[in-house]
Each structure stands twice: as structure tokens, then as C-alpha cells.
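Commentary on secondary and tertiary structure
What follows is the residue order along each chain.
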Amino acid sequence: MRCGFVFQHGLCKVGRCVGNQLWLARRGSVRVNYHGAERCTLPVHTMGEDRSDVKVFVVGAGLAGVTAANELQADGYDVTIIEASERFGGRIWTERDASGRAVELGATWLHGKAGNPLFKRAEKLGILPRPDERDPEDVDRNEDNDYWGLLKYVRSDGTLLPADDVRRVMKLFRSFLNELKDDGAKSSLPSSVGEYLDQRWQENASSIGPFDELIFQARKELECGISGCDDLNEVSARHFDGYDELDGENTPAPGGMEKLVAPTCPILYQKEVVKIQWGTSGVNIVTRGNGSYSSDYVIVTLPLGFLKQTVHSFFDPAVSEAKAKAIQSAGFGVVDKVILQVDYDFGYNSRVIACDSSAPTWMQNSFLYSGGTYHDTVEFWVKGSRALEMESLQDDVVVEDLLEVLRTSGVTGGVKPSPKKLWRSKWGTNPLFGGSYSFPGVNSDEQTFLTIQDPLRDVDSRCRVFFAGEATHPSLYSTMTAAYLSGMRAAGELRSTVDTLVGR
Ligand SMILES: Cc1cc2nc3c(=O)[nH]c(=O)nc-3n(C[C@H](O)[C@H](O)[C@H](O)COP(=O)(O)OP(=O)(O)OC[C@H]3O[C@@H](n4cnc5c(N)ncnc54)[C@H](O)[C@@H]3O)c2cc1C
């Protein structure tokens, strides 16, 4: 069996012989030979029995980071989370209205129930809707019963969209998406989902009715919001089927998604990590303003948008070309939420407003949901360049635009309701995120998300830097479930690295 990994513990190096050797006592200074090649100073240490001597930093206090940290903390490791912002939760961001109801500016639905450990956690935490809070229209999406086809649509100029047309176009759209999952068709696919949909739409052009083009384009925009891209031409047609839809409905959490993130270890807030130096002697985490923290291991849970901007300078030594390429080729777009509470009762999803050219540019070709989760709110998902435009606008402009569309669409009887409160996200221009969630980019391949996940190994082949976060899950990327599972995985990888060292 191989002997003698060496790692940095605080300022002292410690070593261990795997197999018949033991870790020497606790925090003294003992000089040992390491295979004749390396000398190190051992603290007196009971590594192997005492995990509290293994120092772990987790970068990022989102769901992935907190999950990994909680796991390791429960195992007895010395864990600290380091977070750039002043809050934990990351892309889970629950605000509350005056009556304490949850308003989600990030993750909103638990996608799927079957085999989804996060759904189970949410159930245990009691944050899922009570039976009387369930939207009767919130039905399972499936091929024959397309969710989007069942909603009622009105144009922003007030024209009702015929329900039959909506149902037909939405169903057709879904059938095109389903075709992308057909393995037999793979070799003849164009590179992007956008190209494929346009091609299939043209092939069906003879049956196009007066509103079909608007419905089709708006549904494409909606699909961008679902995929997390700016444009469907950025999404790989060949790897579109890499995402596993878990069975069961998409469930919101009126109790607040924030409850899914419950850190049990210390968090250092407002410490933006700017560099991670790593090697056989451990990890040094450098923060803006030249603070630094040393540890034995680090788990990096940075959003893909942040990694894309920093990948060539953030790690020292730098990550491999393959990893840098994977980070660049995975897609990451901007999806924002704009939520306005008004003094009007919309009831259940009473109308979806398909914003056409009569609406301000940042709203065009998107859907405004009136009476979504709550009956007195309108909710808008806006993406790509339109999201960036919205992020640049003042609050009063955004509010006025929303109210005007409510008026022109006739949804509120031709009057502008009074606004009560506006919430909106700015994920695109927030440098800590650089966008919202990931998708398979046109230049990605089936290994992309796995390559992002790959730990960095030192010259002894020992993993030093582990990766977690939604963009490291090969089949559930973009979701909270991916973040949660990736945190569990990274904690497991670290645990088994340490266990291998101590011969457990
Ligand atoms: C608008 C929107 C809607 C969504 N809807 C859903 C949904 O309905 N269902 C679903 O399952 N998922 C949804 N998601 C995705 C889901 O929110 C994410 O997949 C998940 O929360 C990501 O968790 P994470 O831990 O991987 O990353 P994050 O939550 O992004 O955590 C990363 C943390 O790192 C911190 N950080 C960044 N840079 C630094 C730095 N340099 N130093 C230190 N800390 C840093 C950040 O502040 C953040 O706290 C949505 C996301 C958005 C934005």
C-alpha cells in the first residue's frame, strides 16, 4: 500500500503512512522522513481518528455549498463556508411580502417528485403547498396534455388567443421537442435546438393560422426561460436529451425555498474569493483585499457564470485545457424574475398575457402571468438581452410598463391597478452569478458537465479542489436538485480521499 500523503494543516505539514502506520499524536512537532524524498514537520496529530483536524473550506453558500458543508460538518470535519455576498442561499432567494408569504426571485419549483431527495426534504420541512393551495391548473406536463396549452392567453393589445390555436401550437411544439429525444434522429440533427424548431415549424407552415406565429415565437421564448439560454440557437440539439425529467409534477414551495438551505457551520460573509492556490501542501484561498485562508481541501461551488469569467486566472496552477473548455462550452444564460403585487384579485392563472409589439421591448414575445402563485401578483420571466435591458431600468419604469400592459390587455378590466410592491432579480449583471442557470451549449458534448465536476489533483494524484454546483450534474443541471446532489457527491469524494489516506 502506498505510504505518505502530505498535506498542509494550518501552517504545519502533516503526513501519514497508510496501512500499518499511525498518525502521530496531536499538534507537536515531529520530523519524519517521507519515503526518503520529502521531509515534513508533523503536528502531533490523530488524523484518521479525528476528522476535526482536517480543515475544509467551501466556496459559496448556495444549496450545493451548504449541503456539502453540512455533510462534512456532521462527519466531524472542520468546515467553514466562505461567501462573497452578505447572505446564504445563492440562487435560492426567498423574499417575503407584508403578510410573510414567500416570493421567489430564484428557484421556484421542485422539478419532479420520483427519486428527488429534495422533494422529500421539502415535504419534511412542510414548505410544500397544502391541498387548498394547489393551483387546479397546475397539472402534469406530458405529451398529450401540454401544460402551456391548457392556459388561457390574451395578447397585450387585448386580443384573446383562440384556445384551440394555443393548444394546437403548444402541442406541436412539444412534439418537436420530443423528437429531439429520439436517438434514431440524432445524426441528422442540426447543431442547435433553435434551428431544429424553425426547420420543423417551416415544414408545418401550410397549417399556420393567424396567431400561430405569435404563439410559436412566444413559446420559443418560454423554452429559452426553461432552458436558461438567451436564444435556442445556443442550445445543443444533440445533447438536449441529456436532461432527465424526474416524474411527478413541478411543485412550488409557499413555505419558502430558502428553508432548503440551512447551514450548520460557520460562514464568512462578504469575502469574495479571487484566487485558489493549491498543491501538495494544501490550499490557499485568497479573497479580495488580500485576505487569505489556508486549508487542506476546498470545495468550489461557484456559479458557472462566475467560472466562465475567471477560469483562466482563478486557479493557480490553472485548470487543465479540457476543464477550461468544458466551462466555456457549457451554456449559461440570463433569466430574471419580475414580480409585482397589486391591489387586484386575479384568481388562479386567470390569464397569461402574450406580450407582442404593443408592449415595451423588454417585455416583447414573453408571457406575463397574472395570478400565478398568489392571486394578487403578476409574474414575469424575462430572459437574455431583454432581461439585461430590464435590469438597467429604474423600478418605477418597470412598474409602469407592467401596469400599462395589464391595462391594454384588458386583464384588469381596462384599468391600471395600484402597485403594492415590486420584486425583481438582476442575475445577469450580478458579477457573482453572471447569469441564471446552465444548459448544454452547442459546443458541449456528453462529458461537459462531468469534466466541470472533475476534482483537481496534486502531483501525488490526491484530490485537493473539489467541484459542486448545479453545473456539475450531468443530467439534472440547472436545478436545485442538481445543486443538492452535487453537494452530497463532492462531500463524498472528499470523505473518500481522506479515508483512503488514513486507510479507513
Ligand atoms: C431565476 C431563476 C429561477 C430558477 N428556477 C428554478 C426552479 O424553478 N427549480 C429549480 O430546481 N431550480 C431553479 N433555478 C436554479 C437553482 O436556483 C440553482 O440551480 C441552484 O440554486 C444553484 O445552487 P448552487 O449552490 O449550485 O449555486 P448558487 O446558489 O449560485 O451558489 C453559489 C454561491 O457562490 C457565491 N459566490 C459567487 N462568487 C463567489 C466568490 N468569488 N467568492 C465567494 N462566493 C462566491 C454566490 O454568492 C452564491 O451564494 C432557478 C434559478 C434562477 C436564477
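Refer to the structure presented above.
Keep in mind that this is a model prediction, so the values were computed, not measured.

**With respect to the overall build of the chain**
Looking only at helices and strands, one finds eleven helices and 26 strands in the chain. Across the 504 residues of the chain, 46% fall into the buried class. Intrachain contacts of the chain at a sequence separation of at least 6 include 69% that bridge at least 24 residues.

**Things to note about unusual backbone geometry**
Along the chain, D316 connects to P317 via a cis peptide bond; the corresponding omega equals 0°. One non-glycine residue with positive phi stands out, namely N290, at about 70°. The residue N290 is located in the loop between β14 (282-287) and β15 (291-295) in this model.

**Points about the environment of L501**
Secondary-structure assignment places L501 in helix α11 (residues 480-502). Along the sequence, L501 and R462 sit 39 residues apart, while their C-alpha atoms lie 9.2 Å from each other.

**A short note on the pairing of strand β13 (residues 273-279)**
In this sheet, β14 lies alongside β13 in antiparallel orientation, the contact comprising six bridges. If you follow Q277 over to β14, its bridge partner there is N284. What sits between β13 and β14 in their antiparallel hairpin is a turn of two residues.

**Brief notes about the sheet that holds strand β5 (residues 55-59)**
Ordered by their spatial adjacency, six strands build an open sheet running β12-β6-β5-β16-β26-β25, and the pairing between neighbours is mixed. With partners counted over all chains shown, the strands left at the sheet margins are β12 (267-268) and β25 (456-457), one partner each. By the bridge criterion, four bridges tie β5 to strand β16 (residues 297-300) in an arrangement that is parallel. Paired with V59 across the bridge in β16 is V300.

**Re the nonpolar core**
By size, the foremost hydrophobic cluster in this structure holds 126 residues, and its most contacted members are V56 and I299. Residues contacting V56, with those up to four places away along its chain left out, are L72, Y77, D78, V79, S295, D296, Y297, I299 and L494.

**Some details on the environment of E104**
Within the secondary structure, E104 is located in strand β8 (residues 102-104). A sequence separation of ten residues divides E104 from T94, and the C-alpha atoms of the two residues are 4.7 Å apart.

**Considering the site of the ligand**
G60, G62, A64, G90 and R91 are the nearest of the 40 residues found near the ligand. Breaking the shell around the ligand down by element, the ones donating at least two residues are α1 (63-74), β9 (109-111), β19 (335-342) and α11. Residue composition of the shell around the ligand, by class: 20 nonpolar, 15 polar and five charged.

**A few points about the pairing of β14**
Here is the key point about a regular strand: its side chains alternate between the two faces of the sheet. As defined by bridge partners, β14 adjoins β15 across five bridges and the pair is classed as antiparallel. Note that in β15 the partner of I285 across the bridge is Y293. Between the end of β14 and the start of β15, which pair antiparallel, lie three residues, with G289 showing a positive phi angle near 90°.

**Notes on the sheet that holds strand β20 (residues 351-354)**
Across the sheet, six strands lie side by side as β10-β20-β21-β22-β19-β23; this open sheet has mixed pairing. Either end of the sheet is taken by a strand with one partner, and the two such strands are β10 (153-155) and β23 (419-424). Pairs of neighbouring strands in the sheet enclose a mean axial angle of 20°, with direction left out of account. With three bridges joining them, β10 and β20 adopt parallel strand pairing. Bridging from a neighbouring strand, V154 pairs with I353 of β20. Contacts between helix α8 (residues 384-392) and the sheet are confined to β19 and β22 (377-383), with β22 contributing the most and set at about 120° to the helix. In the packing of helix α9 (residues 395-409) onto the sheet, contacts are made with β10, β19, β20, β21 (367-370), β22 and β23, and the angle to β23 comes to roughly 115°.

**Some details on the packing of helix α3 (residues 163-179) against helix α5 (residues 212-227)**
Between α3 and α5, the least distance of the axes is 10 Å, while the angle of their chain directions is 45°. Looking at the two axes, α3 sits oblique to α5. The two elements α3 and α5 meet at a crossing, and its hand is right-handed. Residues D165, V166, V169, M170 and F173 of α3 lie in contact with α5, whose contacting residues are D212, I215, F216 and R219. Partitioned by chemical class, the residues of the contact of α3 with α5 number six nonpolar, no polar and three charged.

About the criteria used
Residues numbered from 1 in each chain as written. Predicted model: local features only at pLDDT ≥ 70, side-chain atom pairs only at ≥ 80, totals over all residues. Helix = DSSP H or I, 4+ residues; strand = E, 2+ residues; numbered from the N terminus. Buried ≥ 20, exposed ≤ 12 C-beta atoms within 10 Å, placed from the backbone. Contact = placed C-beta atoms within 7 Å. Pairing = 2+ DSSP bridges. Core = buried A, V, L, I, M, F, W, Y, C linked by C-beta atoms within 7 Å. Near = placed C-beta within 6 Å. Nonpolar A, V, L, I, M, F, W, Y, C, P; charged D, E, K, R; others polar. Axes fitted to C-alpha atoms, helices over the stretch in contact; angles between N-to-C directions. Parallel < 35°, antiparallel > 145°, perpendicular 65-115°, else oblique. Left-handed = near helix turned anticlockwise from the far one by under 90°.

Remember, this is a structural readout, not a statement about activity or role.
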